[in-house]
Amino acid sequence: MKRLYVGLVALSLIWGTSFLFIKILVSSMMVWEVVFWRCIFGAAVLWGIYIWNGKHQLSKLPWGSLLLVGLTNNALPWGLIALSETNISSSLASVLNATTPIWTGIIGLLCFGIRIRGKQWLGIMVGFIGIIILADLGNLSLFNNGMTGIATMIAAAICYGFSSQYIKRYLHEVSSITVAAVTLTLASLYAFIFAEMSGTINWSLVSDPSIFGALIGLGVFGSGVGIYIFYYLIQKGSAEFATMVTYLVPVSALVWGSVILSETLSIRMIFGLALILIGVYLAQETKKSKRGKQHEQQTRVS
(Lines give C-alpha, C1' and ligand atoms only; values in the text may rest on other atoms or scores of the structure.)
Protein backbone atom coordinates (compact mmCIF):
# COMPACT_ATOMS: atom_id res chain seq x y z
CA MET A 1 0.00 0.00 0.00
CA LYS A 2 2.83 2.43 0.76
CA ARG A 3 4.25 1.96 -2.73
CA LEU A 4 0.84 2.60 -4.27
CA TYR A 5 0.38 5.86 -2.39
CA VAL A 6 3.95 6.99 -3.12
CA GLY A 7 3.38 6.18 -6.78
CA LEU A 8 0.09 8.09 -6.80
CA VAL A 9 1.66 11.21 -5.31
CA ALA A 10 4.70 11.00 -7.61
CA LEU A 11 2.45 10.64 -10.65
CA SER A 12 0.33 13.61 -9.61
CA LEU A 13 3.46 15.76 -9.26
CA ILE A 14 4.61 14.71 -12.74
CA TRP A 15 1.21 15.20 -14.36
CA GLY A 16 0.63 18.45 -12.47
CA THR A 17 2.67 20.26 -15.14
CA SER A 18 1.40 18.32 -18.17
CA PHE A 19 -1.54 20.59 -18.97
CA LEU A 20 0.79 23.58 -18.90
CA PHE A 21 3.22 21.94 -21.34
CA ILE A 22 0.34 20.96 -23.64
CA LYS A 23 -0.89 24.56 -23.63
CA ILE A 24 2.58 25.74 -24.64
CA LEU A 25 2.91 23.18 -27.44
CA VAL A 26 -0.53 23.61 -29.04
CA SER A 27 0.28 27.28 -29.63
CA SER A 28 3.02 26.24 -32.09
CA MET A 29 2.08 22.72 -33.23
CA MET A 30 -0.90 20.91 -34.68
CA VAL A 31 -2.81 18.71 -32.25
CA TRP A 32 -1.54 15.40 -33.65
CA GLU A 33 2.00 16.76 -33.86
CA VAL A 34 1.93 17.28 -30.11
CA VAL A 35 0.65 13.74 -29.55
CA PHE A 36 3.22 12.25 -31.94
CA TRP A 37 6.20 13.93 -30.33
CA ARG A 38 5.13 13.28 -26.75
CA CYS A 39 4.72 9.59 -27.66
CA ILE A 40 8.16 9.48 -29.33
CA PHE A 41 9.93 11.12 -26.40
CA GLY A 42 8.10 8.95 -23.89
CA ALA A 43 8.63 5.69 -25.81
CA ALA A 44 12.38 6.37 -26.09
CA VAL A 45 12.66 6.56 -22.29
CA LEU A 46 10.49 3.48 -21.74
CA TRP A 47 12.42 1.32 -24.19
CA GLY A 48 15.62 2.36 -22.43
CA ILE A 49 14.15 1.13 -19.12
CA TYR A 50 12.84 -2.00 -20.84
CA ILE A 51 16.28 -2.91 -22.23
CA TRP A 52 17.97 -2.02 -18.93
CA ASN A 53 15.68 -4.49 -17.15
CA GLY A 54 16.66 -7.21 -19.61
CA LYS A 55 13.14 -7.78 -20.95
CA HIS A 56 13.35 -8.86 -24.58
CA GLN A 57 10.38 -11.23 -25.06
CA LEU A 58 7.80 -9.59 -27.33
CA SER A 59 6.50 -12.46 -29.45
CA LYS A 60 3.87 -13.79 -27.02
CA LEU A 61 2.21 -10.50 -26.13
CA PRO A 62 -1.56 -9.92 -26.55
CA TRP A 63 -1.10 -7.56 -29.48
CA GLY A 64 -4.81 -7.01 -30.06
CA SER A 65 -5.27 -5.69 -26.53
CA LEU A 66 -2.13 -3.58 -26.74
CA LEU A 67 -3.31 -2.02 -30.01
CA LEU A 68 -6.61 -1.09 -28.39
CA VAL A 69 -4.96 0.37 -25.28
CA GLY A 70 -2.47 2.33 -27.37
CA LEU A 71 -5.43 3.98 -29.07
CA THR A 72 -7.81 4.46 -26.12
CA ASN A 73 -5.32 5.30 -23.36
CA ASN A 74 -2.72 7.26 -25.30
CA ALA A 75 -3.31 8.44 -28.86
CA LEU A 76 -7.02 9.27 -28.78
CA PRO A 77 -7.33 10.91 -25.32
CA TRP A 78 -4.08 12.86 -25.79
CA GLY A 79 -5.35 14.16 -29.11
CA LEU A 80 -8.66 15.12 -27.50
CA ILE A 81 -6.86 16.88 -24.61
CA ALA A 82 -4.63 18.84 -26.99
CA LEU A 83 -7.70 19.80 -29.03
CA SER A 84 -9.57 20.86 -25.90
CA GLU A 85 -6.73 23.16 -24.84
CA THR A 86 -7.04 25.07 -28.09
CA ASN A 87 -10.47 26.15 -26.78
CA ILE A 88 -10.27 26.15 -22.97
CA SER A 89 -7.71 26.99 -20.29
CA SER A 90 -5.30 24.41 -18.90
CA SER A 91 -6.80 24.85 -15.42
CA LEU A 92 -10.33 24.09 -16.65
CA ALA A 93 -8.98 21.12 -18.61
CA SER A 94 -7.40 19.68 -15.45
CA VAL A 95 -10.70 20.05 -13.57
CA LEU A 96 -12.69 18.30 -16.32
CA ASN A 97 -10.02 15.60 -16.42
CA ALA A 98 -10.83 14.95 -12.76
CA THR A 99 -14.14 13.38 -13.82
CA THR A 100 -12.08 10.32 -14.89
CA PRO A 101 -12.61 8.28 -11.66
CA ILE A 102 -16.37 8.75 -11.98
CA TRP A 103 -16.35 7.50 -15.58
CA THR A 104 -14.04 4.66 -14.56
CA GLY A 105 -16.53 3.49 -11.95
CA ILE A 106 -19.52 3.78 -14.30
CA ILE A 107 -17.75 1.98 -17.17
CA GLY A 108 -16.49 -0.71 -14.81
CA LEU A 109 -20.03 -1.33 -13.65
CA LEU A 110 -21.70 -1.26 -17.11
CA CYS A 111 -19.04 -2.86 -19.31
CA PHE A 112 -16.88 -5.03 -17.03
CA GLY A 113 -19.30 -6.13 -14.32
CA ILE A 114 -17.17 -4.57 -11.58
CA ARG A 115 -19.11 -3.78 -8.43
CA ILE A 116 -17.98 -0.71 -6.59
CA ARG A 117 -19.17 -0.68 -3.00
CA GLY A 118 -20.59 2.29 -1.16
CA LYS A 119 -17.35 3.29 0.53
CA GLN A 120 -15.47 3.50 -2.74
CA TRP A 121 -18.24 5.53 -4.41
CA LEU A 122 -18.20 7.78 -1.34
CA GLY A 123 -14.47 8.33 -1.79
CA ILE A 124 -14.91 9.17 -5.48
CA MET A 125 -17.69 11.66 -4.77
CA VAL A 126 -15.95 13.27 -1.76
CA GLY A 127 -12.83 13.72 -3.87
CA PHE A 128 -14.81 15.28 -6.70
CA ILE A 129 -16.49 17.72 -4.29
CA GLY A 130 -12.99 18.65 -3.17
CA ILE A 131 -12.06 19.31 -6.82
CA ILE A 132 -15.08 21.63 -7.22
CA ILE A 133 -14.14 23.56 -4.07
CA LEU A 134 -10.47 23.67 -5.04
CA ALA A 135 -11.22 24.98 -8.52
CA ASP A 136 -13.80 27.50 -7.29
CA LEU A 137 -16.03 26.32 -10.12
CA GLY A 138 -18.53 29.06 -9.47
CA ASN A 139 -16.04 31.60 -10.86
CA LEU A 140 -15.36 29.63 -14.03
CA SER A 141 -17.36 30.74 -17.06
CA LEU A 142 -17.79 27.27 -18.52
CA PHE A 143 -19.91 28.23 -21.47
CA ASN A 144 -17.66 31.15 -22.36
CA ASN A 145 -14.65 28.86 -22.65
CA GLY A 146 -15.98 26.86 -25.59
CA MET A 147 -18.26 23.86 -25.52
CA THR A 148 -16.01 22.02 -28.00
CA GLY A 149 -13.14 22.12 -25.54
CA ILE A 150 -15.36 20.95 -22.70
CA ALA A 151 -16.84 18.09 -24.74
CA THR A 152 -13.46 16.85 -26.01
CA MET A 153 -11.96 16.94 -22.52
CA ILE A 154 -14.83 14.87 -21.11
CA ALA A 155 -14.46 12.45 -24.05
CA ALA A 156 -10.78 12.05 -23.12
CA ALA A 157 -11.76 11.27 -19.51
CA ILE A 158 -14.17 8.59 -20.77
CA CYS A 159 -11.36 7.06 -22.85
CA TYR A 160 -9.16 6.90 -19.75
CA GLY A 161 -11.97 5.28 -17.79
CA PHE A 162 -12.49 2.55 -20.37
CA SER A 163 -8.80 1.82 -20.98
CA SER A 164 -8.01 1.68 -17.25
CA GLN A 165 -10.65 -0.99 -16.69
CA TYR A 166 -9.53 -2.85 -19.82
CA ILE A 167 -5.88 -2.88 -18.70
CA LYS A 168 -6.83 -4.23 -15.28
CA ARG A 169 -8.96 -6.98 -16.84
CA TYR A 170 -6.90 -8.10 -19.84
CA LEU A 171 -3.30 -6.95 -19.35
CA HIS A 172 -2.70 -7.67 -15.67
CA GLU A 173 -0.24 -10.47 -16.47
CA VAL A 174 1.96 -8.30 -18.72
CA SER A 175 4.66 -6.27 -16.94
CA SER A 176 3.98 -2.56 -16.50
CA ILE A 177 7.09 -1.49 -18.41
CA THR A 178 6.20 -3.75 -21.35
CA VAL A 179 2.64 -2.43 -21.56
CA ALA A 180 3.88 1.16 -21.30
CA ALA A 181 6.66 0.85 -23.89
CA VAL A 182 4.62 -1.07 -26.45
CA THR A 183 1.41 0.95 -26.18
CA LEU A 184 3.26 4.27 -26.36
CA THR A 185 5.09 3.08 -29.48
CA LEU A 186 1.80 2.02 -31.06
CA ALA A 187 0.28 5.36 -30.05
CA SER A 188 3.08 7.18 -31.87
CA LEU A 189 2.16 5.27 -35.05
CA TYR A 190 -1.51 6.22 -34.64
CA ALA A 191 -0.53 9.85 -34.06
CA PHE A 192 1.76 9.89 -37.09
CA ILE A 193 -1.05 8.60 -39.33
CA PHE A 194 -3.52 11.15 -37.93
CA ALA A 195 -0.94 13.95 -38.28
CA GLU A 196 -0.27 13.07 -41.90
CA MET A 197 -4.00 12.97 -42.61
CA SER A 198 -4.50 16.43 -41.11
CA GLY A 199 -1.32 18.04 -42.42
CA THR A 200 2.43 17.52 -42.78
CA ILE A 201 4.50 17.33 -39.58
CA ASN A 202 6.92 20.22 -39.26
CA TRP A 203 10.03 18.32 -38.21
CA SER A 204 12.09 21.49 -37.67
CA LEU A 205 9.91 22.70 -34.79
CA VAL A 206 11.57 20.27 -32.38
CA SER A 207 14.83 22.19 -32.70
CA ASP A 208 13.23 25.22 -31.05
CA PRO A 209 14.59 25.32 -27.45
CA SER A 210 11.25 26.19 -25.81
CA ILE A 211 9.38 23.45 -27.71
CA PHE A 212 12.12 20.91 -27.05
CA GLY A 213 12.06 21.74 -23.34
CA ALA A 214 8.27 21.39 -23.22
CA LEU A 215 8.53 18.02 -24.99
CA ILE A 216 11.08 16.84 -22.44
CA GLY A 217 8.68 17.72 -19.64
CA LEU A 218 5.59 16.34 -21.36
CA GLY A 219 7.14 13.43 -23.28
CA VAL A 220 9.94 12.08 -21.12
CA PHE A 221 8.30 12.62 -17.74
CA GLY A 222 4.56 13.01 -18.34
CA SER A 223 4.23 10.39 -21.09
CA GLY A 224 7.19 8.11 -20.38
CA VAL A 225 7.78 7.86 -16.65
CA GLY A 226 4.19 8.90 -15.89
CA ILE A 227 2.53 6.22 -18.01
CA TYR A 228 4.78 3.54 -16.49
CA ILE A 229 3.72 4.56 -12.97
CA PHE A 230 0.06 4.75 -14.05
CA TYR A 231 0.05 1.19 -15.41
CA TYR A 232 1.79 0.00 -12.25
CA LEU A 233 -0.95 1.57 -10.11
CA ILE A 234 -3.66 -0.10 -12.21
CA GLN A 235 -2.07 -3.54 -12.09
CA LYS A 236 -1.01 -3.50 -8.42
CA GLY A 237 -3.98 -1.51 -7.16
CA SER A 238 -7.14 -0.95 -9.18
CA ALA A 239 -8.39 1.09 -12.11
CA GLU A 240 -10.47 3.24 -9.76
CA PHE A 241 -7.51 3.93 -7.48
CA ALA A 242 -5.11 4.73 -10.33
CA THR A 243 -7.49 7.22 -11.94
CA MET A 244 -7.85 9.04 -8.61
CA VAL A 245 -4.55 10.65 -9.61
CA THR A 246 -6.67 13.06 -11.67
CA TYR A 247 -8.00 14.43 -8.37
CA LEU A 248 -4.46 15.12 -7.19
CA VAL A 249 -3.24 16.76 -10.43
CA PRO A 250 -4.91 20.14 -9.67
CA VAL A 251 -3.48 19.87 -6.16
CA SER A 252 -0.01 19.32 -7.59
CA ALA A 253 -0.48 22.35 -9.82
CA LEU A 254 -1.17 24.38 -6.68
CA VAL A 255 1.92 22.91 -4.99
CA TRP A 256 4.11 23.83 -7.96
CA GLY A 257 2.61 27.30 -7.96
CA SER A 258 3.33 27.69 -4.25
CA VAL A 259 6.90 26.37 -4.48
CA ILE A 260 7.99 27.94 -7.78
CA LEU A 261 5.83 31.07 -8.00
CA SER A 262 5.37 31.69 -4.24
CA GLU A 263 1.59 31.67 -4.64
CA THR A 264 -0.41 31.60 -1.40
CA LEU A 265 -2.90 28.88 -0.46
CA SER A 266 -6.33 30.06 0.71
CA ILE A 267 -8.54 28.38 3.32
CA ARG A 268 -10.82 27.24 0.49
CA MET A 269 -7.89 25.53 -1.25
CA ILE A 270 -6.77 23.79 1.95
CA PHE A 271 -10.32 22.56 2.62
CA GLY A 272 -10.63 21.27 -0.95
CA LEU A 273 -7.25 19.56 -0.62
CA ALA A 274 -8.35 17.85 2.61
CA LEU A 275 -11.50 16.48 0.94
CA ILE A 276 -9.50 15.21 -2.03
CA LEU A 277 -7.05 13.34 0.21
CA ILE A 278 -9.92 11.82 2.21
CA GLY A 279 -11.58 10.77 -1.03
CA VAL A 280 -8.41 9.12 -2.33
CA TYR A 281 -8.04 7.20 0.91
CA LEU A 282 -11.65 6.00 0.96
CA ALA A 283 -11.56 4.94 -2.70
CA GLN A 284 -8.73 2.52 -2.03
CA GLU A 285 -9.81 1.48 1.47
CA THR A 286 -12.75 -0.52 0.11
CA LYS A 287 -10.48 -2.54 -2.13
CA LYS A 288 -8.06 -3.16 0.68
CA SER A 289 -10.83 -4.28 3.04
CA LYS A 290 -12.24 -6.60 0.39
CA ARG A 291 -8.87 -8.26 -0.07
CA GLY A 292 -8.53 -8.56 3.69
CA LYS A 293 -11.89 -10.33 3.95
CA GLN A 294 -10.95 -12.71 1.14
CA HIS A 295 -7.67 -13.50 2.90
CA GLU A 296 -9.52 -14.19 6.16
CA GLN A 297 -11.97 -16.49 4.39
CA GLN A 298 -9.13 -18.41 2.73
CA THR A 299 -7.37 -18.73 6.07
CA ARG A 300 -10.50 -20.12 7.73
CA VAL A 301 -11.02 -22.64 4.92
CA SER A 302 -7.42 -23.83 5.10
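The text that follows walks through the structure, step by step, so that each part is easy to find. All values reported here derive from a predicted model rather than from experimental measurement.

This part covers the overall build of the protein. A count of helices and strands for the protein gives 13 helices and zero strands. Across the protein, helices and strands are ordered from the amino to the carboxyl terminus as α-α-α-α-α-α-α-α-α-α-α-α-α. Of all intrachain contacts in the protein linking residues separated by at least 6 positions in sequence, the fraction that spans at least 24 positions is 91%. Split by element, the accessible area of the protein, about 13,900 Å² in all, is 67% carbon and sulfur.

Counting residues in hydrophobic clusters, the biggest one holds 88 residues, and the most contacted among them are Tyr231 and Tyr247. Those residues within four positions of Tyr247 in sequence are excluded, and the remaining contacts are Ala98, Pro101, Ile102, Ile124, Gly127, Phe128, Ile131 and Ile276.

By the secondary structure assignment, Thr99 is in the loop between α5 (90–97) and α6 (100–111). Judged by its relative accessible area of 13%, Thr99 is buried. With near-sequence residues (within four places) excluded, Thr99 lies in contact with Phe128 and Ala157.

Before going further, it helps to examine α6. Helix length check: α6, at 12 residues, gives a terminal C-alpha distance of 16 Å against a target of 16 Å (1.5 Å per residue), a fit within 8%. Listed in full, the buried residues belonging to α6 are Thr100, Pro101, Ile102, Thr104, Gly105, Ile107 and Gly108. Just beyond α6, the residue with positive phi is Gly113, at close to 65°.

Our focus in this paragraph is a nonpolar patch on the surface. Judged by side-chain polarity, Val9, Leu13, Val255 and Trp256 come together as a nonpolar surface patch covering roughly 290 Å² of accessible area. Breaking the nonpolar patch down by element, the ones donating at least two residues are α1 (2–15) and α12 (245–260). By secondary structure assignment, the location of Leu13 is in helix α1. On the basis of relative accessible area, Leu13 is assigned to the partly exposed category, the value being 32%.

What follows deals with helix α2 (residues 18–26). What sets the pattern is the α-helix's 3.6 residues per turn: residues three or four places apart point alike. Regarding α2, the residues found buried are Ser18, Phe19, Phe21, Ile22, Leu25 and Val26. Within α2, the buried residues cover an arc of 160° as seen down the axis, which keeps them to one side.

Moving on, we get to the packing of helix α9 (residues 176–198) against helix α10 (residues 209–236). Contact geometry of α9 with α10 gives a least axis separation of 8 Å together with a crossing angle of 130°. By the angle between their axes, α9 is oblique relative to α10. Considering how the two elements wind past one another, α9 and α10 form a crossing that is right-handed. Each of Ser176, Ile177, Val179, Ala180, Thr183 and Leu184 in α9 lies in contact with α10, whose residues at this interface are Ser223, Gly224, Ile227, Tyr228, Tyr231, Tyr232 and Gln235. Among the residues forming the contact of α9 with α10, the class breakdown is eight nonpolar, five polar and no charged.

Another point: the packing of aromatic side chains. Per the stated rule, a full pass over the model turns up 15 aromatic pairs. For the pair Trp47 and Tyr50, a centre-to-centre distance of 5.0 Å together with 75° between the ring planes defines the contact as edge-to-face. Within this pair, Trp47 and its partner Tyr50 are both found in helix α3 (residues 31–52), separated by three residues, close to a single helical turn. Note on Trp47: relative accessible area 24%, which makes it partly exposed. On the basis of relative accessible area, Tyr50 is assigned to the buried category, the value being 2%. Seen in terms of ring centroids, Phe128 and Tyr247 are 6.4 Å apart; in terms of plane orientation they differ by 40°. Their pairing is tilted. Pair noted here: Phe128 is in helix α7 (residues 118–135) and Tyr247 is in helix α12, with a separation of 119 residues, a long-range link. Of the two residues examined, Phe128 and Tyr247, each falls in the buried class. Joined through ring pairs, the aromatic side chains of Phe36, Trp37, Phe41, Phe192, Trp203 and Phe212 make up one cluster. The ring of Trp78 carries the charged tip of Arg38 above its face, separated from the ring centre by 3.7 Å.

A separate point is the side chain of Glu85. Mapped onto the elements of the fold, Glu85 is located in the loop between α4 (63–84) and α5. Leaving out residues up to four positions away in the same chain, Glu85 has contacts with Phe19, Ile22, Lys23, Val26, Ser90 and Ala93.

Right, let's talk about the environment of Pro62 for a bit. By the element assignment, Pro62 lies in the loop between α3 and α4. Residues Pro62 and Val179, 117 residues apart in the sequence, show an inter-C-alpha distance of 9.9 Å. Residues in contact with Pro62, not counting those within four places in the same chain, are Leu171 and Val174.

So, how was this worked out
- Residues numbered from 1 in each chain as written.
- Predicted model: local features only at pLDDT ≥ 70, side-chain atom pairs only at ≥ 80, totals over all residues.
- Heavy atoms only, no water.
- Helix = DSSP H or I, 4+ residues; strand = E, 2+ residues; numbered from the N terminus.
- Contact = heavy atoms within 4.5 Å.
- Areas by Shrake-Rupley, 256 points an atom, 1.4 Å probe, with all protein chains shown as cover.
- Core = buried A, V, L, I, M, F, W, Y, C linked by side-chain atoms within 4.5 Å.
- Buried < 20%, exposed > 50% of the residue type's maximum accessible area, 1.4 Å probe, protein only.
- Expected span 1.5 Å × (residues − 1).
- Patch = residues over 30% accessible without salt bridge, like charges linked within 9 Å, V, L, I, M, F, W, Y side chains within 5 Å.
- Salt bridge = Lys/Arg side-chain N within 4 Å of Asp/Glu carboxyl O.
- Arc of directions from axis to C-beta.
- Axes fitted to C-alpha atoms, helices over the stretch in contact; angles between N-to-C directions.
- Parallel < 35°, antiparallel > 145°, perpendicular 65-115°, else oblique.
- Left-handed = near helix turned anticlockwise from the far one by under 90°.
- Nonpolar A, V, L, I, M, F, W, Y, C, P; charged D, E, K, R; others polar.
- Phe/Tyr/Trp six-rings, centres within 6.5 Å; stacked < 30°, edge-to-face > 60°.
- Lys NZ or Arg CZ within 6 Å of the ring centre and 35° of its normal.

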